Amino acid sequence: ALQYRIGQLYMISKHSHEQSDRGEGVEVVQNEPYEDPNHGNGQLTEKRVYLNSKLPSWARAVVPKIFYVTEKAWNYYPYTITEYTCSFLPKFSIHIETKYEDNKGSNDSIFDKEAKDLEREVCFIDIASDEIPERYYKESEDPKYFKSQKTGRGQLKEGWRDTHQPIMCSYKLVTVKFEVWGLQTRVEQFVHKVVRDILLIGHRQAFAWVDEWYDMTMDEVREFERATQEATNKKIGIFPPAISISNISMPSSTRSAPSSAPSTPLSTDAPEFLTVPKDRPRKKSAPETLTLPDPAK
């Protein structure tokens, strides 16, 4: 479990740095120890993910030029909570709960207590055989071909989950909400695909970079994390836009992180440029194309 945690922290820092450029990428706002009365000692991390150029064209048409999503993560390993919000889209949120266990994904009731009333689709992610977007593919990071010099792990073949040791599983419960008529289904499906791709790419990299992090201690990986985050923030070189993020707790009726975790409040009204014109009749399904007013006007 400690090996996985070190590899994961190393991968997140290095991946964020690689994917960042001027005005794009992952800016770390805070990363500090955090104590929770129920979960104990953990780490609170807040990031701003600038991703305008990575959005599909239909989404870029309705978002500001400088656009970021706020990520807040409470890491009480082996349990973590991650929330994504966007202040100019008050009805948009992503809530992810993660649990880690030393097995090959065989615990199919790990989240039963947390979400027994919700509809769920179970999705298995295989770092060796699942396809990733072509632009992210590197043969040196392909678990089918990579062979670790330090550990001997690698070249994962068909059925590797049944034979490979050591092995552990990251279980994630992902909830996406975007309550805007006409865009809800499209946005929610898009976000689930993006989350899946990020998890797949990140874990492939953590495996393929094992020789870089295998000998690190937790203190060493935390120092690597600090130095890399500082370099990444400089690489992005962006001034935060004038968007305020409040830490007022959401009403208890809203599904969220535990009460100890501050959340960005979600208001009930969508931005004016996302509302449906009053003279257009409602349809039961999302149209193939949407003509939306230019938010800049």
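Coordinates for the structure precede this section.
Residues numbered from 1 in each chain as written. Predicted model: local features only at pLDDT ≥ 70, side-chain atom pairs only at ≥ 80, totals over all residues. Heavy atoms only, no water.

Description of unusual backbone geometry
Link 1 in the chain: Proline 78 follows tyrosine 77 through a cis peptide bond whose omega is 15 degrees.
Link 2 in the chain: When you line up the elements, proline 78 lands in the loop between strand 3 (68–76) and strand 4 (79–85).
Link 3 in the chain: Look at the link from glutamine 165 to proline 166: it is a cis peptide, with omega at -5 degrees.
Link 4 in the chain: Along the chain, the position of proline 166 falls in the loop between helix 3 (160–163) and strand 6 (169–178).
Link 5 in the chain: With a phi angle near 50 degrees, glutamine 155 is a residue other than glycine that sits in the positive phi range.
Link 6 in the chain: The exposure class of glutamine 155 is partly exposed, given its relative accessible area of 37%. (Helix = DSSP H or I, 4+ residues; strand = E, 2+ residues; numbered from the N terminus. Buried < 20%, exposed > 50% of the residue type's maximum accessible area, 1.4 Å probe, protein only.)

Section: the packing of helix 1 (residues 2–18) against helix 6 (residues 218–236)
Link 1 in the chain: The contact between helix 1 and helix 6 brings their axes to 9 Å, and the two run at 15 degrees. It follows that helix 1 is roughly parallel to helix 6 by the angle criterion. As helix 1 packs across helix 6, the resulting crossing turns out to be left-handed. Across from Leu2, Arg5, Ile6, Leu9, Tyr10, Ser13, Lys14, Ser16, His17 and Glu18 in helix 1, the residues of helix 6 making contact are Met218, Val221, Arg222, Phe224, Glu225, Thr228, Gln229, Ala231, Thr232 and Lys235. (Axes fitted to C-alpha atoms, helices over the stretch in contact; angles between N-to-C directions. Parallel < 35°, antiparallel > 145°, perpendicular 65-115°, else oblique. Left-handed = near helix turned anticlockwise from the far one by under 90°. Contact = heavy atoms within 4.5 Å.)

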